[in-house]
Amino acid sequence: MREITSLIDPVVVLANGEFPKHDIPLHELDVAGSIICCDGAVNKLAEKGMEPTHIIGDMDSISVKMKTKYHDKL
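Residues numbered from 1 in each chain as written. Predicted model: local features only at pLDDT ≥ 70, side-chain atom pairs only at ≥ 80, totals over all residues. Heavy atoms only, no water.

Q: Where do I start with the pattern of salt bridges in this structure?
A: As a working rule, side chains carrying opposite charge can pair if their charged atoms are close by. Per the stated rule, a full pass over the model turns up two salt bridges. Across the pair glutamate 18 and lysine 21 runs a salt bridge, and its minimum N-O distance is 2.9 Å. For the pair shown, glutamate 18 and lysine 21 are each scored as exposed. In this structure, lysine 73 engages glutamate 51 in a salt bridge whose closest nitrogen and oxygen atoms are separated by 3.7 Å. (Salt bridge = Lys/Arg side-chain N within 4 Å of Asp/Glu carboxyl O. Buried < 20%, exposed > 50% of the residue type's maximum accessible area, 1.4 Å probe, protein only.)

Following this line, the structure appears as structure tokens:
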């Protein structure tokens, strides 16, 4: 698990909705020191081969598979 180690490391908060398609936000996801997913955003992030640092929300939109896989990040 990656931890927030510095204020210099970019932190991305990814909301559940349409996943970014443009090169700039995709680059920000690639270089992020931390990715905080709001609930079901983790489903789409995982589809892109990326992992969240933390998952927040009421967990009503996150799949059971993701809840199990990332139980330590909820």
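Q: Hey, could you run me through the pairing of strand S2 (residues 34-38) in this one?
A: For a regular strand, side chains alternate in direction, first toward one face of the sheet and then toward the other. Taking burial as the measure, the five residues of S2 include four buried ones, the bulk of the element. By the bridge criterion, four bridges tie strand S1 (residues 11-14) to S2 in an arrangement that is parallel. When the sheet's bridge partners are listed, valine 12 is paired in S2 with isoleucine 35. Since S1 and S2 lie parallel, the crossover through helix H1 (residues 23-31) that links them has a hand, and here it is right-handed. In this structure, S2 lies alongside strand S3 (residues 54-56), joined through three bridges in parallel fashion. In the sheet register, cysteine 37 faces S3, and the bridge partner there is isoleucine 55. Traced from S2 through helix H2 (residues 41-47) to S3, the parallel crossover comes out right-handed. (Helix = DSSP H or I, 4+ residues; strand = E, 2+ residues; numbered from the N terminus. Pairing = 2+ DSSP bridges. Right-handed = clockwise from strand over helix to strand, strands pointing away.)

Q: Sorry if this is basic, but what is going on with the nonpolar core here?
A: As a rule of thumb, soluble globular proteins bury nonpolar side chains together. Ranked by size, the top nonpolar core spans 16 residues in total, and within it Leu29, Cys37, Val42, Leu45 and Ile55 carry the most contacts. Listing elements by their share of this core, those giving two or more residues are S1, S2 and H2. Looking at which element gives the most residues to this core, the answer is H2, with three residues. Setting aside residues up to four positions removed in sequence, valine 42 forms contacts with Cys37, Pro52, Ile55, Ile62, Met66 and Tyr70. (Core = buried A, V, L, I, M, F, W, Y, C linked by side-chain atoms within 4.5 Å. Contact = heavy atoms within 4.5 Å.)

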